[in-house]
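# Tertiary structure, described
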Amino acid sequence: MKIVVVGGTGLIGSKLVTKLGEHGHEAVAAAPNTGVNTLTGEGLAEVLKGAQVVIDVSNSPSFEEAAVMEFFTTSTRNLLAAEAEAGVGHHVALSVVGTERLPESGYFRAKIAQEDLIENSSIPYSLVHATQFFEFTRSIADAATDGDTVRMAPVFFQPIAGDDVAQAVGRISVGSPVNGRVEVAGPERFRMDEFFLDVLAGWGDPRRVVTDPHARYFGAELSEGSLVPSGDDAILGGIRYSDWPGRIVAGK
């Protein structure tokens, strides 16, 4: 089938395009550098011709509160309208585990608004909530850094490899719409502060990890289960962080 991957040249999108193509699907990457702009609507009608499925794994280029809200609401409205016109039968969107539990964060408020638009549209859908990607370990540590100190909350943390995320999203996209959420997480659960203590030590990073129950994540204070699946039916990836080839590169 023809599957359009919005954000198809990014980390997860490029993996999806490759994996879906290997399984015989016509996977098309839609992104500004391929002539498709969901914010302006440019190229949408053309790329969606004949598409049965759209997967949206795009992300805002700015995390500033107003900009991120504008990105997710405008792009999602444009995308859903174009999909309805083209007769797309399944809209799949990648989101974040715990989104609905972190309304303090401007980023997560924008993701909630995106999901509300999808849930209230006429198009059958599947929302895939994933935990933090291994690939973002460095940026999470940097965002929590104050001088030579990295402040992390002692909450549960269950990161996942980008390859496992792409595999799960791909499988969900070729199945029937669930008209609800599917949670995807890594195979191991850690305490966030302990995980980063070990990871930074492995990198030889001189920064000191400090346990801080009030440390914020994208502007939100965390409770113990904020970042991990809420039920027992989450899809678990197969790659452990200790076996992930990118763990050394992530520290450079």
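Read on for a plain summary of the structure.

Definitions and cut-offs
- Residues numbered from 1 in each chain as written.
- Predicted model: local features only at pLDDT ≥ 70, side-chain atom pairs only at ≥ 80, totals over all residues.
- Heavy atoms only, no water.
- Helix = DSSP H or I, 4+ residues; strand = E, 2+ residues; numbered from the N terminus.
- Buried < 20%, exposed > 50% of the residue type's maximum accessible area, 1.4 Å probe, protein only.
- Pairing = 2+ DSSP bridges.
- Contact = heavy atoms within 4.5 Å.
- Axes fitted to C-alpha atoms, helices over the stretch in contact; angles between N-to-C directions.

## So, unusual backbone geometry
Phi angles above zero are rare outside glycine, and Asn-179 is one such case at about 50°. Turning to its location among the elements, Asn-179 is positioned in the loop between helix H6 (162-173) and strand S9 (181-185). Even without being a glycine, Phe-218 presents a positive backbone phi close to 50°. In this fold, Phe-218 is placed in the loop between strand S12 (216-217) and strand S13 (220-221). Its relative accessible area of 36% is what places Phe-218 among the partly exposed residues.

## Observations regarding the sheet that holds strand S11 (residues 208-211)
Read across the sheet, three strands follow the order S6-S7-S11 without closing on themselves; strand pairing throughout is mixed. Bordering the open sheet on either side are strand S6 (145-146) and S11, each of which pairs with just one other strand. Against the sheet, helix H7 (residues 192-203) contacts strand S7 (149-152) and S11, and its axis sits at roughly 170° relative to S11.

## With respect to the environment of Pro-159
Relative to the helices and strands, Pro-159 resides in the loop between strand S8 (156-157) and H6. Sequence spacing of Pro-159 and Gln-132 is 27 residues, and the spatial spacing of their C-alpha atoms is 4.8 Å. When near neighbours in sequence (up to four residues on either side) are disregarded, Pro-159 contacts Thr-131, Gln-132, Phe-134, Gly-186, Glu-188, Phe-190 and Phe-195.

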